Every structure is written in C-alpha cells, then in structure tokens.
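# Chains, contacts and geometry: an overview
Each chain is listed here by its residues.
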Number of protein chains: 2
Amino acid sequence: MQLRVNLAERSYNIEIGSGVFNKALEIFAELVAKNVKLFCIADSCVLKRHSDKAKAMRKLADIIEVDGGEASKCFGKVAEICSLLAQKKADRKSCIIAWGGGVIGDLAGFIASVYMRGIKFYQIPTTLLAMVDSSVGGKTGINIEEGKNLVGAFHQPQGVFADIDFLDTLPEREFSAGMAEVIKCGLLGDVKLFEDLENIGSDWSRNHSYLSEAIFRSCALKAKIVAEDEHETASSGGRALLNFGHTFGHAIEKLYGYGTYRHGEAVAIGMLMANELSKVLSGADFKERISHVVACSKLPMSVANQEISVADFVNAMAGDKKNSNGQLRFVVLENIGDAKTVVVDKAIVEKVVEDCLK
Amino acid sequence: MQLRVNLAERSYNIEIGSGVFNKALEIFAELVAKNVKLFCIADSCVLKRHSDKAKAMRKLADIIEVDGGEASKCFGKVAEICSLLAQKKADRKSCIIAWGGGVIGDLAGFIASVYMRGIKFYQIPTTLLAMVDSSVGGKTGINIEEGKNLVGAFHQPQGVFADIDFLDTLPEREFSAGMAEVIKCGLLGDVKLFEDLENIGSDWSRNHSYLSEAIFRSCALKAKIVAEDEHETASSGGRALLNFGHTFGHAIEKLYGYGTYRHGEAVAIGMLMANELSKVLSGADFKERISHVVACSKLPMSVANQEISVADFVNAMAGDKKNSNGQLRFVVLENIGDAKTVVVDKAIVEKVVEDCLK
C-alpha cells in the first residue's frame, strides 16, 4: 500500500506492508549508482535482530549504530554524529536513513535537518508507534533536561518504508503502546477505523490481516491534518487535534517518571481522561466504547494508585509546550471521529483530574 | 531606508540608517504589549559599549549575554541557551532578538530555528559585515571541529534593524573586513555600487554620506539573489554567486589559522585570486580596478609570505561544503557586476594558486 503525503515540493510517499524493506533497498541502490553517499543511523538492537537485513544495508550505506533508548535524543549525540558525518565526508547531496523506532527517527531526522543546513533523509520505522506517529509530519527533535522534544525542527523525509515484518519481533508492550496512536486516529478523525477495531475486538493481534490497513488509515488521517497545518500554526484545530489524549498523557509520563508508562500507555489513559473532560463540557461520553478498544489492545485504562496531587498534575499540563500564556488547551470529542480544540477553565480541569486520580 | 526581502510568507523588512535602533524598540514594545516574551541574545561587548541602549533593551527583553567570539558558535552554547530559555518559560510565541555581530546573529538565529522547532527572531547587527552579509538570507549556524558552519538551518528573521550608529565604535579592521562584502556585491551584481566606490576612492570612510546607500545596495543585491534561490539549490548561478572570492578566502582562513585573517580580509584576497582565475579562463581581467577599491578600504591584496603548499591550498578548497563529489566550483567575473559559477579543472586551479602564492 502506498500513501502520498501532500506537502507541495516536500511531498513524499509512505510504503506500507510486508517486504517493503526490499523496495527501500532498491531505491537506495539507485541513489548509490548516482554517487549519493548514504549514512544509515540505525538502532543497535534492530541491527542485531535483523542481521541479514543489516548485511544488505551495509552494502549500500555507511551504518552508524545508535542505542535506541530515549537517552540518545540529546545534544551530545547530535554533535557526535555531525562530526562523524563530516569526517566521513558526507556532503550536501548525501542522504541519511533513519532505521529504528521513534527515538532513531527523531534523532536522525533532526541531524538531517541541521547537518550542512539540511540534507535529505529516509525513514524505515521498525515499531508500530514510529510507523503511525513519527513517520508522518516531519517533526524531529531531541530532549533537554527541561523537557522532551523541546529542541528540534520540521524536516520532511524523502520517503518512508513501513515494513510490518519488523513488528513480528517487537515486544508485546511496544506493540500495544503503538496501538494507542492508532486508536487515537480513529477517535479524532476516522470513525471507520475505530469501528473496524471495535468489530475486531479481542481478535486483534499484530498478525491480523487488518494491520496494514490500520497503519495506512492512521497515516492517511495524520497526513491529511498535517497537509493543512504543516507547522502547527493554526489557531484552533489543525495539527493540535493530533494531541488528543496527549496533554493528560504527557503529564502522566512526567509525573510517574519517564519510562514508568510507555508514551502510548500514557496516551491511552489520557484519552479516557479527555473523554471525561468532553463529558463535563458537552455531555459527549464514549467511555464504554473507548475502554473496550483500549482493553482489546492490552492498554491500561487508568493510572496506578500513587500519591500524585491534582495541583502537580495540572501544573505539569500547563508546562506542556503546546500551551502558551498559561492557558490550558485540550482536544475533546464531539463524536467518535470528530474532535476539536478548546481552552478549558482551570477549575474544570482540576475537577476532572481529581475524579480520574481517585 | 527600508528594504523588503521577498520570500513569500517569510518576507521581512530591513531598516537601514542612523537611529533605527529606536524603531526596533518601538516594535519590541508592541510585542511586549501583546504578551510576547522577548529574549535578547547580546554580545557582551555591545552591552558594555552601549550601556544606555542596553538599559532600554532590558526594560523590554530578558538579556542573555554571550561572548561575541567565534568560539560561542558551538553546540555547547546552543544547548546552554536552549535550557536557559526553557527555564525562563520561553514558549512558542516568544521571540529572540540577536544583538551583535555575525557570531551572535548566526548563533541566536540557529537557536531560534530549533527551540520548540522554531520560534521568531529579529536581528540588530552591530558590525558592517553582519549588516550586509548575515542579515540577509536566513543562514544560521554553528561550527564543529571539522569545519565552520557545518551545522545550521535556514531561518528567516521577522525583521532586521541595521543602525549605522553602531559602526562608530567598530574597530577599524572590523569595518574594513565588512567592506570586502560590499565590494563583492558590487563586483558580482551591482556595477553602480562598484563604480560609486571607485569614484569615492580614498575619500571613503565610515563617516561618508554614502555608507547607508552602500549597505542598502549590498543588502538589495543579496535579497534579490536569495529570493530566487532561498535554499541554495540552483544547479548553477543562484546563491552560489555570493561566494565570489569565498572558495579561495575560506582556504586562506583555514590554512593560515582562523583569526590570522579576518573573514573579509581573506575574501578580499580571494576576490583578487578569483580575478586571476577569470583571466585564465576567459581573459576577463579587472585586477587594477579591484585592487584600487580594495586598497581604499584598507584591505590586504595578497597573503603574507608563508610556507603554504599549492596542494594544501587546493585540498582546502575541495573540502569546502559548497563542493560535492570532489569537483572544484568557482565564481568568476565576466564583467564588473556580472558573475557566473563554473566548474574548473584542477590543473588550472593549481596554476592560479601557484602564481598567487609566489
């Protein structure tokens, strides 16, 4: 399956399905034939797990091995790899290939955006989260002590190859975490996707024949939203809609300590909290339907009992970089497949958080 | 004088003349009234030399003091200031003001391009070089051990305020270095500018009434070229024309040790070397006219006698990031005010370098 992301001269294709890794190799071979130097920034685990594919890649590209953990998304790693690229004589026509999960995509994409003021890059996401989330939209970035993704750039790839074969070896929990973003896409803008997942119910697994289509529909929705608001400058709606469940989710990740909850797990809980907010604001309540789909993907539905204060939770949300001037902005549902952005009074938010933390 | 730089939705104005700093303060005050937080990244020498202006700025913006030397253009400084911005709660609507010479503009512009994936910034250049060179074109960047400006971004400012009053306190040698870029603009695309400088001759000084117009014409030429080739992707001509004298100049800076020759001094010598290349390639020779104008700006015309080998010189040029696949590209003159890019055979380049190093 092929999806076109329409962004004028920055448009590109996403190839989705089993075996598209080989298609990527064909395209890379063509570049090499044109004297383009390729540098593949790859997750060391992926290289180990897929040694045959790594061997094939090594014939075409210089491989730069990176640990796939969040700690790699830092200035030090960017500086180190930029120096390495310069030493290996990477020039303006050279291309970077990001091969791994979201961390690798964010890091390699950011390096591609700043090395020599920007060179081209391709993505081969190997996790479900990276396939449906970071492969569309061109957001790249690193973390600083003060917060995640506070430094970065918008830099669109030349192409994305989402080969579902990589998902076979993905740990169960990682697969579930990726599903949170798929469910999110259904909820905020693709009622058909959400209903399909409802109907599949507990039969859902990474081996289900619907997997490629679920990824395709998620990417297509995101691509449509990004095409209309590439740099997240719309004053309402737009790219911000993709943050459904994320304002709550980011606070959960931060307060419980990064890594306690996977991003997707925090988003799953965050979507149910956002539903509570929708309920208070407009009466729209889809708790049962959301919970069902979330549970079928083996995702958590609420935070573990811990001493987190309502004030800390709300403060963590106010510090989110989507918010400016201390306003609290949220994405709420009007219906399944229909979301909007709203600014919500602090008192209302506090009440919802209080109820959810109980 | 006001110049419009036309870059679609990234268009902006450059204000040039005496006292435009106050105009900048008015615009910043309007932003503050709209609750926009301002962060002024300023050269510590400028703050010291212009304490009244610094006081006025401090009322509107949070000032982040930086040493104006080339060493500040590094990853460490970018990381440090990004953290500082986050601690001071700079958000997506916050603006950065770059106040200083080229180093400050390049550093602050790069920080603005990556903090929260890009926030707005203004420039108040305080050197002639920064006014005519780095204030147009949106090139920002830092150095890595392997080379200057190897990391950076294209990020256009919201506005530039080139107040010539700052030039009063500029060291003589800095002013001359800036003149090299003015002369370059005349040579590659503005015959009127070059002829004006020829006619003014030895009467030229920073107090000459033509100063604002010389800056205006230089910026206007650069703006026209940048508007046609924003990201330097044209296969010939385009932004690369602005490198007239620079391929030779960069090699001089590198081989004699950064700092031995100011960038502008190296470019002045480089322009005369490029003229020799033009002469060999097409017979076009303007040595006398270029030397006259260069001398009137108190710029050097050849490198000091030192043991630099031709091979080292040519290798240094081949390593320039404008070159790819080992080709040697140069900008040569067809006439005063008319330049073009050419790929030149290594043997010819070696001969020219050999003659010039004698």
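Residues numbered from 1 in each chain as written. Chains lettered and ligands numbered in written order. Predicted model: local features only at pLDDT ≥ 70, side-chain atom pairs only at ≥ 80, totals over all residues. Heavy atoms only, no water.

A word on the relation of the copies chain A and chain B. Rotating chain A by 180 degrees and translating it 0.0 Å along the rotation axis places it on chain B, where the RMSD comes to 0.0 Å. The transformation relating the two chain copies, once decomposed into turn and shift, fits a two-fold axis. Considering only C-alpha atoms, the residue of chain A closest to the rotation axis is F75(A), which sits at 3.6 Å. (Least-squares fit on C-alpha atoms with pLDDT ≥ 70 in both.)

Moving on, we get to the pattern of salt bridges. Residues and elements named next belong to chain A. Going through the model one piece at a time under the given rule, you end up with 50 salt bridges over all chains. The shortest N-O distance in the salt bridge between E334 and K340 comes to 3.5 Å. Of the residues examined, E334 reaches a relative accessible area of 40% and is grouped as partly exposed. Here the salt bridges do not stand alone but share partners, grouping E70, K73, D106, K148 and E253 into one network. (Salt bridge = Lys/Arg side-chain N within 4 Å of Asp/Glu carboxyl O. Buried < 20%, exposed > 50% of the residue type's maximum accessible area, 1.4 Å probe, protein only.)

Time to look at the packing of aromatic side chains. Given two aromatic rings, their pairing is described by the distance between the two centres and the angle made by the two planes. Inspection of the entire model under this criterion finds 19 aromatic pairs over all chains. For the pair Y256(A) and Y261(A), a centre-to-centre distance of 5.4 Å together with 80 degrees between the ring planes defines the contact as edge-to-face. You'll find Y256(A) and Y261(A) in the same group, each marked buried. Ring plane angle 75 degrees and centroid distance 6.4 Å describe the contact between W204(B) and Y210(B), whose orientation is recorded as edge-to-face. When its relative accessible area of 6% is taken as the criterion, W204(B) is described as buried. The class of Y210(B) is buried, set by a relative accessible area of 10%. Taken together, the ring pairs connect F21(A), W99(A) and F166(A) into an aromatic cluster. Over the aromatic face of F166(A) sits the side chain of K53(A), whose NZ or CZ is 5.3 Å from the ring centroid. Note that K53(B) overlies the ring of F21(B), its terminal NZ or CZ placed 5.7 Å from the centroid. (Phe/Tyr/Trp six-rings, centres within 6.5 Å; stacked < 30°, edge-to-face > 60°. Lys NZ or Arg CZ within 6 Å of the ring centre and 35° of its normal.)

Turning to the interface of chain A and chain B, a few remarks are in order. With 33 residues of chain A at the contact, the number on the chain B side is 33 residues. Approximately 2,900 Å² of surface area, both sides summed, lies buried where chain A meets chain B, with 56% of it carried by carbon and sulfur atoms. For R92(B), the salt bridge goes to E232(A), with nearest N and O atoms at 3.6 Å. For the pair chain A and chain B, the number of links is ten residue pairs in polar contact (both at pLDDT 80 or more). Going through the elements one at a time, α4 (75-87), α5 (102-114), β7 (139-144) and β8 (147-154) of chain A are the ones with two or more residues in the side of chain A that touches chain B. Of the residues that constitute the side of chain A that touches chain B, the class distribution is 14 nonpolar, ten polar and nine charged. (Contact = heavy atoms within 4.5 Å. Buried area = accessible area lost by both parts, 1.4 Å probe. Polar contact = N/O pair within 3.5 Å; in protein donor to acceptor, adjacent residues only side chain to side chain. Helix = DSSP H or I, 4+ residues; strand = E, 2+ residues; numbered from the N terminus. Nonpolar A, V, L, I, M, F, W, Y, C, P; charged D, E, K, R; others polar.)

Okay, the sheet that holds strand β5 (residues 95-100) of chain A next. All names here are of chain A. With mixed pairing, seven strands are arranged side by side in an open sheet as β1-β2-β9-β6-β5-β3-β4. Strands with a single pairing partner mark the edges of an open sheet, and in this sheet they are β1 (2-5) and β4 (62-66). Pairwise comparison of adjacent strand axes, ignoring direction, gives a mean angle of 15 degrees for this sheet. Here strand β3 (residues 38-43) pairs with β4 via five bridges, running parallel. Counted as the bridge partner of F39 is D62 from β4. Lying over the sheet, α4 contacts β3, β4 and β5, oriented at roughly 165 degrees with respect to β4. Against the sheet, α5 contacts β3, β4, β5 and β6 (120-125), and its axis sits at roughly 170 degrees relative to β5. (Pairing = 2+ DSSP bridges. Axes fitted to C-alpha atoms, helices over the stretch in contact; angles between N-to-C directions.)

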